[in-house]
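Examining the three-dimensional arrangement
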Amino acid sequence: MTTHIPPITEDDIAQFLTNTPGFFERHAEVLASVQITSPHGARAVSLQERQAEMLREKIKGLEHRIMEMVRNSTENAAIAHKVHQWTGSLLQVRDPFDLPQAVVDGVRTLFDVPQAAVRVWEVAAPYIDADFTQGASEDARAFASSLTMPFCGPNLGFEPAGWLAQEAGEPAQSLALLPLRAGAIDSATPAFGLLVLGSHDPQRFDATMGTDFLSRMAELASAALLRLQ
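This report concerns the structure included in the present document. Computed from a prediction, not measured in an experiment: that's the story for all the values here. (Residues numbered from 1 in each chain as written. Predicted model: local features only at pLDDT ≥ 70, side-chain atom pairs only at ≥ 80, totals over all residues. Heavy atoms only, no water.)

Pairing is antiparallel in the open sheet, where four strands are placed in the order E3-E6-E5-E4. Of all strands in the sheet, those bounded by a partner on one side alone are strand E3 (115–120) and strand E4 (151–154). Looking at each pair of strands side by side, their axes are set apart by 15 degrees on average, direction ignored. Both strand E5 (residues 174–180) and strand E6 (residues 193–199) contribute to a ladder of seven bridges, which runs antiparallel. Across the sheet, the residue bridging to Leu-178 is Leu-195, located in E6. Each of E3 and E6 touches helix H5 (residues 99–111); the most contacted strand, E3, lies at about 155 degrees to it. The sheet contacts of helix H7 (residues 212–225) involve E3, E4, E5 and E6, and relative to E5 the element is tilted by about 45 degrees. (Pairing = 2+ DSSP bridges. Helix = DSSP H or I, 4+ residues; strand = E, 2+ residues; numbered from the N terminus. Axes fitted to C-alpha atoms, helices over the stretch in contact; angles between N-to-C directions. Contact = heavy atoms within 4.5 Å.)

Here it is as structure tokens:
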């Protein structure tokens, strides 16, 4: 009875060559005669030349990744510097009544945010009639307390979007909503305010963007505005 032998496949050959590193040392003439089509044209190149091309492409890809990492590092350093400046400006505010405006002005100036607004509630008696305490409904307060991280995305008609100054009748197209609370932003402590950032650019505050710096900004603003409690 004849035994059926399955045909050798490309995977079998690849596995053999991988597991037999000395094959091309014993058969150097085979290695020298292998011709491969270049990805940069129809010409045939040797295996060594193709390996060199692959290595150059890999190096180029690594260079691009390094450049991207350097660019991100530079951008992060610039943002960190702005956060430092913003923190310093808030520490210099003597009258707590001026803090909400200082928060908003710093965000607009240092971070180039076209629109910004802040609302706080449950403030001490001297500040209870201030503009920055007005207009936050119970629903808006509950929404702020439900946020465990900054919200970034399109303006879907959120009530806090109405707190932003309307320029030329054009509402903000994208928003960042930063809950203000004592302690970490992701804690279960109810929020005592909300910082709203807005832009006419729909992509400025995208749902996929990182929120680490926004979280730090929320914590810094919270620490400053706690003086109003």
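On we go.
Right, let's talk about the packing of aromatic side chains for a bit. This structure, assessed with the given rule, holds four aromatic pairs. With a centroid separation of 5.6 Å and 20 degrees between ring planes, the pair formed by Phe-143 and Phe-158 is classed as stacked. Here Phe-143 is found in helix H6 (residues 138–146), whereas its partner Phe-158 is found in the loop between E4 and E5, with 15 residues between them in sequence. Look at Phe-143 and you get partly exposed, because its relative accessible area is 25%. In this structure Phe-158 comes out as partly exposed when scored by relative accessible area, which is 21%. On the numbers, 5.2 Å between centres and 75 degrees between planes, the contact of Phe-151 with Phe-158 is edge-to-face. Members of the aromatic cluster, joined through ring pairs, are Phe-143, Phe-151 and Phe-158. (Phe/Tyr/Trp six-rings, centres within 6.5 Å; stacked < 30°, edge-to-face > 60°. Buried < 20%, exposed > 50% of the residue type's maximum accessible area, 1.4 Å probe, protein only.)

Below, the discussion takes up the nonpolar core. Ranked by size, the top nonpolar core spans 34 residues in total, and within it Val-120, Leu-195, Leu-197 and Leu-225 carry the most contacts. Put simply, the parts of the chain that give this core at least two residues each are helix H4 (47–91), H5, E3, E5, E6 and H7. Among the nonpolar cores identified, the runner-up in size contains 15 residues, and Ala-117, Trp-121, Leu-164 and Leu-177 belong to it. (Core = buried A, V, L, I, M, F, W, Y, C linked by side-chain atoms within 4.5 Å.)

On to the packing of H5 against H7. In the contact formed by H5 and H7, the axes pass within 10 Å of each other and the chain directions differ by 155 degrees. Considering their axes alone, H5 and H7 lie roughly antiparallel with respect to each other. Pair H5 / H7 crosses with right-handed handedness. Across from Leu-99, Pro-100, Val-103, Val-107 and Phe-111 in H5, the residues of H7 making contact are Met-217, Ala-221, Ala-224 and Leu-225. Among the residues forming the contact of H5 with H7, the class breakdown is nine nonpolar, no polar and no charged. (Parallel < 35°, antiparallel > 145°, perpendicular 65-115°, else oblique. Left-handed = near helix turned anticlockwise from the far one by under 90°. Nonpolar A, V, L, I, M, F, W, Y, C, P; charged D, E, K, R; others polar.)

Backbone geometry places Asp-112, a non-glycine residue, at a positive phi of 55 degrees. With respect to the helices and strands, Asp-112 occurs in the loop between H5 and E3. A relative accessible area of 57% means that Asp-112 is categorised as exposed. If you check the backbone angles, Glu-122 has positive phi at about 55 degrees while not being a glycine. Structurally, Glu-122 can be placed in the loop between E3 and H6. On the basis of relative accessible area, Glu-122 is assigned to the exposed category, the value being 61%.

Summed over all chains, the structure comprises one salt bridge. The shortest N-O distance in the salt bridge between Glu-219 and Arg-216 comes to 3.0 Å. Highlighted residues: Glu-219 and Arg-216, both in helix H7, separated by three residues, approximately one helical turn. When its relative accessible area of 27% is taken as the criterion, Glu-219 is described as partly exposed. When its relative accessible area of 38% is taken as the criterion, Arg-216 is described as partly exposed. (Salt bridge = Lys/Arg side-chain N within 4 Å of Asp/Glu carboxyl O.)

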